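# Understanding the architecture of this molecule
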Amino acid sequence: MRKLLSNQKVIFGLVLAVFLALYASVTIPAPQLGFAGVIAFVSIALTQALL
Amino acid sequence: MLTIFSLLPLVTLLVSLLILKQSASKSGAMSILVAIVCAYAVFGMDVHGLSIAIGKGLSLAIYVLLIIWSAVFLYHVVHEFGAIDVINRNIVLFIKDPFVQFLLLSWLFASILQGISGFGVPVIIVVPILIQLGFDPLKSVAAVLLGHSWAVSFGSMGSSYFTITLVTGLDQQRIGYAMVVFDCIAMLMTGLAVAYVYGGFSSVRKALFYVIPSTAVTTAVMMLVVHLDLVSLVALMGALSGFLTMYLLYRLREKPERVEKLYRSELSFADALLPYGVIIVLSLLFPVLRLDRFFLSFSFPEYTTSLGHFVQAEGAYAKIKWFGHPGPISLLAAFIALMRYRQIGIYSKDKLDTVKTQTVRKSIGTSVTLFFLISMALVMMDSGMTAELATSVAMLTGGVFPLLAPYFGVLGSFITGSNTNSNVIFGEFQVSVAESLGVDPYIMAALQSIAGSAGVPLGPTNILMGASASGLAGNESGIYAKVLKPVLLTAAVLGVANYLMLSIWHMHIGG
């Protein structure tokens with residue numbers, strides 16, 4: 001898991017997925033999706049800061 | 001109290017990069033986390049606001065990444081197929097003196113590229129050329145970052161220049177005249193800074209012979225181009241005239257032997273230069289063809305924080321023009337170069353596979369860091385943290401504000417990595433302060449734009465591009481250490497000039 005989360009290609013893909021979720025949440029609008037997107041983004045940043 | 005919290009993300013970034021010597025990726029991750037916590041807990045930005053701000057940040061990052069990926073791809077194409085070697089050997093034929101090579105390439109050739117495309121392209125193209133010529137990678141990155149920064153405000157076909165005009169609502173040509181005055185100082189300072197990076201104060205003395213006349217000619221040409229209202233060409237024409245002046249001075253002083261025969265391998269010098277020629281031609285051609293209707297952009301709704309900070313809706317955010325954005329232009333140039341290589345028989349699929357692998361390897365880490373840093377800038381802007389910071393500093397400084405005004409431009413570029421964004425954040429603010437002090441707003445607006453330009457070398461995105469282009473990824477703190485003092489010194493000199501013009505001589509360029 002640690003190896004997977006320190007793989008920059010995986011992180012890159014995850015951030016792009018978060019972007020799509022956030023963009024969809026503000027254009028549809030879908031607040032729950034936005035909430036999930038922000039939580040996911042924070043989690044990615046947290047893993048990058050800690051690993 | 002709010003001011004202290006608005007400073008926290010920037011302090012985190014600086015401490016992490018410069019004191020803890022963490023990588024840019026880790027520092028970026030820590031600062032975006034701090035920014036999110038401060039925005040949510042202190043500045044009244046809810047999850048909806050955060051979704052908008054982070055969404056905007058990521059869309060801007062995609063805009064910048066398209067440039068980085070395509071420029072890195074182009075570089076590996078010309079490197080892998082041997083074009084860069086042909087270019088380097090011919091540069092050495094024309095200019096034997098390593099000091100002149102270093103100064104001319106990082107100060108003026110990079111500025112010509114900035115005039116045409118900008119957005120990091122000078123760094124991506126010139127840094128590898130310098131390294132191939134045998135210069136130290138760290139010095140090469142620092143020199144190019146500093147060297148081309150004077151051309152940023154008028155560069156990228158005038159994008160920052162247009163922005164300062166748009167955000168302040170002031171007359172474009174009048175701001176342009178004032179910008180040229182400040183840009184003369186910035187150009188002089190950056191030329192000397194490049195010389196200092198090369199070899200300390202002895203090189204600065206040697207550089208005066210080239211830097212002063214080249215700056216004088218460039219300033220005159222830029223003034224003329226502003227007068228003719230050719231706003232997109234100010235930096236390009238200025239840098240070209242400076243380049244030719246310096247080369248002529250070199251020929252006059254050193255009297256080099258005439259170059260009888262250009263170096264060539266399987267590629268001629270013209271073939272090697274082909275992709276760069278294509279970039280210049282397409283960059284000049286596309287605006288004339290008016291293909292602006294083909295673009296990709298994002299729209300975001302308006303938003304107000306619970307503290308009352310209002311953020312306008314964006315109809316076409318991070319607009320990527322398919323015929324104008326440097327990304328597609330660089331990719332097209334690479335594609336045309338590959339066609340030419342196939343025609344002369346040096347193309348191979350294995351080489352292209354190496355190019356693809358190298359492009360991904362060099363760009364992926366930079367991309368993740370950019371996602372964090374640009375999102376941090378947007379969270380700070382949209383939550384009102386940036387505005388809070390600016391207002392507090394203006395209140396604290398009062399009458400000496402013109403002296404300190406350049407540091408806002410530098411700060412904007414440091415946070416966002418972009419002169420254009422710095423102008424968006426602080427352009428209107430600087431003009432408001434000028435009006436409240438009763439001094440010329442045109443001079444203050446011009447100062448903001450050129451100071452933003454001088455601060456571009458500190459932009460995390462630019463540092464990352466430099467690190468990526470030079471193979472110094474992970475040593476971003478080393479690059480910061482090299483560029484920080486020259487940028488702060490340039491800002492100080494700009495501040496003194498601004499103070500003299502506004503507070504002592506009470507000048508009114510705006511009429």
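Structure: above.
Remember, predicted model here, so these are calculated numbers, not experimental data.

In this section: the overall build of chain B. When its secondary structure is counted, chain B shows 19 helices and four strands. The C-alpha radius of gyration of chain B comes to 22 Å, within 12% of the 24 Å expected for a compact globule of 511 residues. Oriented by its inertia axes, the alpha-carbon framework of chain B measures out at about 70 × 50 × 45 Å. For chain B, the residues scored as buried account for 57% of the 511 residues in total. For chain B, long-range pairs separated by at least 24 residues make up 81% of all intrachain contacts whose partners lie at least 6 apart in sequence.

The omega torsion across A:I28 and A:P29 is -10°, close enough to zero to call that bond cis. The topology assignment puts A:P29 in the loop between α2 (8-27) and α3 (31-50). Residue B:K255 is not a glycine yet carries a positive backbone phi of 45°. Locating B:K255 in the fold gives a position in the loop between α10 (234-254) and α11 (269-289). Residue classification places B:K255 among the exposed positions, given that 7 C-beta atoms sit within 10 Å. If you check the backbone angles, B:R290 has positive phi at about 50° while not being a glycine. Positionally, B:R290 belongs in the loop between α11 and β1 (295-300).

Next up on the list: the nonpolar core. All names here are of chain B. Ranked by size, the top nonpolar core spans 192 residues in total, and within it V126, F182, V379, A446 and L494 carry the most contacts. It is helix α9 (residues 172-227) that contributes the most residues to this core, 24 residues altogether. Dropping the residues within four chain positions of it, A446 is found in contact with I175, A178, M179 and F182.

Rules behind the numbers
- Residues numbered from 1 in each chain as written.
- Chains lettered and ligands numbered in written order.
- Predicted model: local features only at pLDDT ≥ 70, side-chain atom pairs only at ≥ 80, totals over all residues.
- Helix = DSSP H or I, 4+ residues; strand = E, 2+ residues; numbered from the N terminus.
- Rg over C-alpha atoms; globule rule 2.2 N^0.38 Å.
- Buried ≥ 20, exposed ≤ 12 C-beta atoms within 10 Å, placed from the backbone.
- Contact = placed C-beta atoms within 7 Å.
- Core = buried A, V, L, I, M, F, W, Y, C linked by C-beta atoms within 7 Å.

Geometric values such as these leave the question of function open.
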